[in-house]
Amino acid sequence: MHNLGTIDVALDEMLVNLAAIVLRLSTPELTRTPEARRALAQSVHQYGVCAARSSDPRVHELKAQLEGTLKPSLRVVASHGVKVS
């Protein structure tokens with residue numbers, strides 16, 4: 001049973017490192033094309049599948065951050081008819 005705990009800890013560390021890589025690759029500069037956005041979405045989905053069984057809170061926090069990268073950023077273009085920069 002001790003080996004299972006060691007494996008779980010190692011997998012959690014790998015998931016934390018993987019999330020860091022995907023987060024670095026999720027910047028708008030790197031995900032401008034539809035293909036890049038699809039690749040990011042697939043990576044985030046696969047991470048979520050792997051993270052689902054983890055009990056490490058860091059893994060779940062990173063999963064939420066990764067999912068946030070898929071949401072389009074919103075900006076105010078006009079307020080009361082006045083253009084906002």
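Anything mentioned here points back to the structure above.
Residues numbered from 1 in each chain as written. Predicted model: local features only at pLDDT ≥ 70, side-chain atom pairs only at ≥ 80, totals over all residues. Heavy atoms only, no water.

Participant: Tell me what's going on with the nonpolar core, and back it up with residues and numbers.
Facilitator: Buried together is how nonpolar side chains tend to be arranged in soluble globular proteins. Core analysis: the biggest nonpolar cluster contains 11 residues, these being Leu15, Val16, Ala19, Val22, Leu40, Val44, Tyr47, Ala51, Val59, Leu62 and Leu66. Of all the secondary-structure elements, those providing two or more residues to this core are helix H1 (2-25), helix H2 (34-51) and helix H3 (57-69). Leaving out residues up to four positions away in the same chain, Val16 has contacts with Tyr47, Arg58, Val59 and Leu62. (Core = buried A, V, L, I, M, F, W, Y, C linked by side-chain atoms within 4.5 Å. Buried < 20%, exposed > 50% of the residue type's maximum accessible area, 1.4 Å probe, protein only. Helix = DSSP H or I, 4+ residues; strand = E, 2+ residues; numbered from the N terminus. Contact = heavy atoms within 4.5 Å.)

Participant: Tell me about the layout of surface pockets, and please be specific about residues and values.
Facilitator: Looking at the largest pocket, its volume works out to about 230 Å³. In this structure, the largest pocket is lined by Asp8, Leu11, Asp12, Met14, Leu15, Leu18, Val49, Cys50, Arg53, Ser54 and Ser55. For the lining of the largest pocket, the elements supplying multiple residues, two or more each, are H1 and H2. Looking at the lining of the largest pocket, the element that brings in the most residues is H1, giving 6 residues. Along the lines of polarity and charge, the residues of the lining of the largest pocket split into 6 nonpolar, 2 polar and 3 charged. (1 Å grid on protein atoms, 1.4 Å probe; cavity = no way out; pocket = protein on both sides within 12 Å on 5 of 7 lines; lining within 4 Å. Points joined across faces, edges and corners; volume = space filled by probe spheres on them. Nonpolar A, V, L, I, M, F, W, Y, C, P; charged D, E, K, R; others polar.)

Participant: Describe H1, naming the residues involved and giving the relevant values.
Facilitator: With 24 residues, H1 should reach 34 Å at 1.5 Å per residue; the first-to-last C-alpha distance of 35 Å fits that figure. Buried residues along H1 sit in contact with H2 and H3. (Expected span 1.5 Å × (residues − 1).)

Participant: An account of a nonpolar patch on the surface is requested, with residue identities and associated values reported.
Facilitator: Taken together, Leu4, Ile7, Leu11 and Met14 make up a surface patch of nonpolar side chains, about 400 Å² in accessible area. By secondary structure assignment, the location of Met14 is in helix H1. A residue is classified by how much of its surface remains accessible, and Met14, at 54% relative accessible area, is exposed. (Patch = residues over 30% accessible without salt bridge, like charges linked within 9 Å, V, L, I, M, F, W, Y side chains within 5 Å. Areas by Shrake-Rupley, 256 points an atom, 1.4 Å probe, with all protein chains shown as cover. Salt bridge = Lys/Arg side-chain N within 4 Å of Asp/Glu carboxyl O.)

By themselves these figures say nothing about function.
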